[in-house]
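A closer look at the structure
Chain by chain, the residues:
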Amino acid sequence: MNVLRFWFGIFALLGIVVVAPAWMYWSGAGLDAGLPTHVEWLVAAVMPFTIAITIASWMSPGGT
């Protein structure tokens, strides 16, 4: 295991933990502002896509 990859993983996890509360606030109350449908969809999809990509990158085969 590469030490540098370990710290990148820790920082990625911390980034998600730090951003998640703000995303949950803005995806709830912020979407009541009458935004266009495509913007509401993007706001609602960004965090789940980010988490899915992060998990998929950790589970990728062949990493050393």
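You'll find the structure just up there.
Residues numbered from 1 in each chain as written. Predicted model: local features only at pLDDT ≥ 70, side-chain atom pairs only at ≥ 80, totals over all residues. Heavy atoms only, no water.

The next point concerns the overall build of the protein chain. Along the protein chain, the regular secondary structure elements total two helices and zero strands. Buried positions account for 12% of the 64 residues belonging to the protein chain. Accessible area of the protein chain: about 5100 Å², with a carbon and sulfur share of 77%. (Helix = DSSP H or I, 4+ residues; strand = E, 2+ residues; numbered from the N terminus. Buried < 20%, exposed > 50% of the residue type's maximum accessible area, 1.4 Å probe, protein only. Areas by Shrake-Rupley, 256 points an atom, 1.4 Å probe, with all protein chains shown as cover.)

The interhelical angle for the contact between helix α1 (residues 3–28) and helix α2 (residues 37–58), taken along N-to-C directions, is 165°, at an axis separation of 10 Å. The orientation of α1 with respect to α2, classified from their angle, is roughly antiparallel. Two packed elements cross with a definite hand, and for α1 against α2 that hand is left-handed. Contact residues: Gly9, Ala12, Leu13, Ile16, Val19, Ala20, Trp23, Trp26 and Ser27 in α1; Val43, Ala44, Met47, Pro48, Ile51, Thr54 and Trp58 in α2. In terms of residue class, the contact of α1 with α2 is built from 13 nonpolar, three polar and no charged. (Axes fitted to C-alpha atoms, helices over the stretch in contact; angles between N-to-C directions. Parallel < 35°, antiparallel > 145°, perpendicular 65-115°, else oblique. Left-handed = near helix turned anticlockwise from the far one by under 90°. Contact = heavy atoms within 4.5 Å. Nonpolar A, V, L, I, M, F, W, Y, C, P; charged D, E, K, R; others polar.)

On the surface, a cluster of nonpolar side chains totalling about 600 Å² of accessible area is made up of Leu13, Val17, Ile51, Ile55, Trp58 and Met59. Secondary structure elements with two or more residues in the nonpolar patch: α1 and α2. Among the elements that take part in the nonpolar patch, α2 stands out by supplying three residues, more than any other. By secondary structure assignment, the location of Trp58 is in helix α2. (Patch = residues over 30% accessible without salt bridge, like charges linked within 9 Å, V, L, I, M, F, W, Y side chains within 5 Å. Salt bridge = Lys/Arg side-chain N within 4 Å of Asp/Glu carboxyl O.)

Attention now goes to the environment of Leu42. With respect to the secondary-structure elements, Leu42 resides in helix α2. Sequence spacing of Leu42 and Ser27 is 15 residues, and the spatial spacing of their C-alpha atoms is 9.8 Å.

What follows covers the packing of aromatic side chains. Scanning all chains against the criterion turns up two aromatic pairs. Residues Trp7 and Phe11 carry aromatic rings whose centres are separated by 6.4 Å and whose planes lie at 40° to one another, so their mutual orientation is tilted. Residue Trp7 and its partner Phe11 are both found in helix α1; the two are separated by four residues, about one turn of the helix. With a centroid separation of 6.1 Å and an interplanar angle of 65°, the aromatic rings of Trp41 and Phe49 are classed as edge-to-face. (Phe/Tyr/Trp six-rings, centres within 6.5 Å; stacked < 30°, edge-to-face > 60°.)

Its 22 residues place the ends of α2 32 Å apart at the C-alpha level, agreeing with the 32 Å of an ideal helix rising 1.5 Å per residue. In this structure, the buried side of α2 is in contact with α1. (Expected span 1.5 Å × (residues − 1).)

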